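Architecture and fold: a report
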Amino acid sequence: MSNPVTFELIKTCKQSGARLGVVHTPHGDIPTPIYMPVGTQATVKAMTPREMEEIGTKIMLSNTYHLHLRPGEQLVKEAGGIHKFMSWNKPVLTDSGGFQVFSLAALRKITEEGVSFRSHLDGSKRFISPEVSMDIQMALGSDIAMAFDVCSPYPCDHRTAEEAMHRTHRWAERCKKHHTREDQALFGIIQGAFYDDLRIESAKTLADMDFPGYGIGGLSVFREIRKVLPQEKYVYFSDNAHCPYGEKTKEYIIERARRITEFLLNEGADIIVVACNTATAAAISTLRKEYPISFIGMEPAVKPAATTTRTGVVGVLATAGTLKAEKYLDTRGKFAGGVRIVEHVGQGFVEAVEKGVTSGEEAEMVVEASLKPLLDEGADRIVLGCTHYPFLMDTIRQIAGKLYPERDIEVIDPAPAVARHLLEVMDEKGIIRKDGFSITLHSSGDKEQLIKTYSNLL
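One structure accompanies this document, and this report is about it. As the structure is a computational prediction, the values presented were derived from the model and not from experiment.

Conventions used here
Residues numbered from 1 in each chain as written. Predicted model: local features only at pLDDT ≥ 70, side-chain atom pairs only at ≥ 80, totals over all residues. Heavy atoms only, no water. Helix = DSSP H or I, 4+ residues; strand = E, 2+ residues; numbered from the N terminus. Buried < 20%, exposed > 50% of the residue type's maximum accessible area, 1.4 Å probe, protein only. Contact = heavy atoms within 4.5 Å. Areas by Shrake-Rupley, 256 points an atom, 1.4 Å probe, with all protein chains shown as cover. Salt bridge = Lys/Arg side-chain N within 4 Å of Asp/Glu carboxyl O. Core = buried A, V, L, I, M, F, W, Y, C linked by side-chain atoms within 4.5 Å. Arc of directions from axis to C-beta. Lys, Arg positive; Asp, Glu negative; His and termini not counted. Polar contact = N/O pair within 3.5 Å; in protein donor to acceptor, adjacent residues only side chain to side chain. Pairing = 2+ DSSP bridges. Axes fitted to C-alpha atoms, helices over the stretch in contact; angles between N-to-C directions. Phe/Tyr/Trp six-rings, centres within 6.5 Å; stacked < 30°, edge-to-face > 60°. Lys NZ or Arg CZ within 6 Å of the ring centre and 35° of its normal.

When its secondary structure is counted, the protein chain shows 19 helices and 19 strands. Each of the 458 residues in the protein chain was classed as buried or not, and the buried ones make up 49%. Of the contacts formed within the protein chain by residues at least 6 apart in sequence, a portion of 70% connects residues at least 24 apart. Accessible surface computed for the protein chain: about 22,500 Å², of which carbon and sulfur atoms make up 51%.

This part covers the pattern of salt bridges. For the structure shown, the criterion picks out 15 salt bridges. The shortest N-O distance in the salt bridge between Arg167 and Glu112 comes to 3.0 Å. Here Glu112 lies in the loop between β6 (108-110) and β7 (115-118) and Arg167 lies in helix α7 (residues 158-178), a separation of 55 residues in the sequence. Notably, a salt bridge pairs Arg181 with Asp183, separated by 2.6 Å at the nearest N-O pair. The partly exposed category is assigned to Arg181, whose relative accessible area is 28%.

Quick look at the environment of Lys372 now. Topologically, Lys372 is positioned in helix α16 (residues 361-376). Residues Lys372 and Ile399 lie 27 residues apart in sequence; the distance between their C-alpha atoms is 8.5 Å.

Here the focus is the nonpolar core. Met86 and Leu186 are the most contacted members of the largest nonpolar core, which totals 33 residues. Among the secondary structure elements, those contributing two or more residues to this core are α2 (64-69), β7, α6 (130-140), α7 and β10 (185-190). Setting aside residues up to four positions removed in sequence, Met86 forms contacts with Ala42, Pro49, Met60, Ser62 and Val92. Counting residues in each nonpolar core, the second largest holds 28 residues, with Leu317, Val353, Ile399 and Tyr404 among its members.

In this section: helix α17 (residues 393-403). For α17, the set of buried residues is Met393, Thr395, Ile396, Ile399 and Ala400. For α17, the arc enclosing every buried residue in end-on projection is 165°, short of the 170-degree limit, so these residues lie on one face. With respect to the buried face of α17, the exposed residues turned more than 90 degrees away are Asp394 and Lys402. Buried residues belonging to α17 abut α15 (349-354), α16, β17 (381-385) and β18 (410-412).

With that settled, consider the side chain of Asp149. For Asp149, the location among the structural elements is in the loop between β9 (144-146) and α7. Here Asp149 is buried and forms no salt bridge, its nearest opposite-charge partner Arg199 lying at an N-O distance of 8.3 Å. Side-chain polar atoms of Asp149 contact the side chain of Ser96, separated by 3.4 Å. Ignoring anything within four residues of it in the chain, the contact list for Asp149 reads Ser96, Gly98, Thr168, Trp171, Ile189 and Gln191.

On to the sheet that holds strand β3 (residues 28-32). On the basis of which strands lie adjacent, the open sheet formed by three strands has the order β1-β2-β3 and antiparallel pairing. Of all the strands in the sheet, just β1 (6-12) and β3 have a single pairing partner and so form its edges. Mean inter-strand twist for the sheet, computed between neighbouring axes without regard to direction, equals 20°. Strand direction decides the pairing type here: β1 and strand β2 (residues 19-25), joined by six bridges, are antiparallel.

Bringing the packing of aromatic side chains into the picture now. Inspection of the entire model under this criterion finds four aromatic pairs. Lying over the aromatic face of Phe211, Lys176 brings its terminal NZ or CZ to 5.4 Å of the ring centre. Here the guanidinium or amino end of Arg407 rests over the ring plane of Tyr404, the centre of that ring lying 4.1 Å away.

Here we take up the environment of Arg167. In sequence terms Arg167 and Asp149 are 18 residues apart; their C-alpha atoms lie 7.7 Å from each other. Aside from chain neighbours lying at most four places away, what touches Arg167 is Ile110, Thr111, Glu112 and Val150.

Strand order in the open sheet formed by three strands is β6-β7-β8, and the pairing between neighbours is antiparallel. A single partner strand is all that each edge strand has here, and the edge strands are β6 and β8 (125-128). Between one strand axis and the next, the sheet turns by 15° as a mean value, whatever way the strands run. As paired strands, β6 and β7 are joined by three bridges and run antiparallel to one another.

Our next topic: unusual backbone geometry. Omega for the bond connecting Thr32 with Pro33 falls within 30 degrees of zero, at 5°, which places this linkage in the cis form. Among the secondary structure elements, Pro33 is positioned in the loop between β3 and α1 (49-54). Omega for the peptide link from Arg70 to Pro71 comes to 10°, which places this bond in the cis form. On the secondary structure map, Pro71 appears in the loop between α2 and α3 (73-78). Non-glycine residue Ala46 carries a positive phi angle of around 65°. In this model, Ser87 sits at a positive phi of 55°, which is unusual for a non-glycine residue. When you line up the elements, Ser87 lands in the loop between α4 (82-85) and β5 (92-94).

As structure tokens, this is what we get:
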């Protein structure tokens with residue numbers, strides 16, 4: 001049986017290896033690379049199919065899990081399939097339902113046979129196996145169906161990721177054996193969490209199964225902002241080739257901030273979080289004047305520390321750039337009346353975090369050298385003034401408890417407050433998404449190091 005979906009390679013970049021191509025499907029061609037809008041329940045929120053076509057959309061994704069629960073795949077089939085049901089005569093990809101079932105957490109149980117869960121709509125008992133996922137997607141009639149996979153929890157150890165990967169491979173074999181629709185292509189999904197050896201093994205194993213295409217499984221959790229905005233499309237840029245910013249000049253930081261802002265705007269950002277205290281202090285005022293987009297910045301949480309301290313001494317751990325910045329000095333002057341502020345640069349903190357060293361003897365030595373002077377001054381509130389520092393939170397608390405066990409010491413991370421502020425601004429602007437999480441990582445330096453760092457820290 002010939003594949004209903006094929007890929008034609010047009011050109012390969014000699015410098016990067018990036019490929020330009022065309023995916024041929026029964027409902028039309030898809031130039032690649034391509035952005036694929038998410039129509040969770042066979043519709044893109046606030047958009048008509050005609051509008052989607054007018055803006056140049058070539059393919060849409062619909063969600064197997066949600067369509068199975070409501071209105072049900074049989075109704076979609078009776079309506080003539082998903083294309084007629086949604087009045088869209090171009091390519092459609094359906095996911096397998098694996099991630100949505102995985103995200104139900106307390107409502108589901110995974111066995112070798114499949115996943116038992118309760119509907120988030122009415123609490124009814126449901127079951128999806130590789131075979132059931134294939135039956136649903138064949139009834140829907142998408143151009144591209146995805147194999148039912150196991151999403152690794154995040155973070156997870158190597159053994160857990162390996163077990164999930166092997167089960168994904170076994171389920172992929174069952175999917176391929178059960179899938180019979182000749183006008184629909186079945187793609188495999190590579191798993192293995194952030195472990196390079198598992199990703200390579202998964203890619204090789206699935207390639208040997210000879211699927212016509214493959215997807216790459218992703219993340220499940222994205223720290224504080226993901227907690228309050230779980231359905232966003234995130235583009236994260238790490239300027240790891242130029243950090244730490246603490247000793248850089250203001251002019252240098254502003255220029256870096258401009259370049260990153262322009263990159264993020266080209267990626268389609270609706271709002272930009274400057275997730276760095278030093279960059280916020282040096283550049284956010286300039287960015288707000290020069291670019292027509294909202295910026296959310298960081299600043300040390302001096303106010304909550306000053307209002308809750310019992311010793312009257314607040315310690316601030318930050319970079320040298322933050323501590324001398326006008327924005328920080330204004331914040332300190334505004335909120336620290338009647339309280340003594342003691343400050344110290346977190347020497348080696350950024351470098352340790354970038355290496356993934358957040359606990360153990362090396363991390364403890366780095367933390368104690370900068371934390372002890374603040375505690376010796378009587379501080380009982382420690383404000384973290386750099387977005388790298390919260391990854392050392394457990395070690396900071398451990399050292400504080402060891403040095404002054406009798407003192408009620410609280411370590412304050414501003415990130416949750418920033419996340420809440422971001423939520424408020426996005427809600428006010430009406431730009432909160434509710435049609436599926438995604439994250440893309442970009443780096444000015446070593447991309448592999450960025451991925452490894454985040455596999456350890458998130």
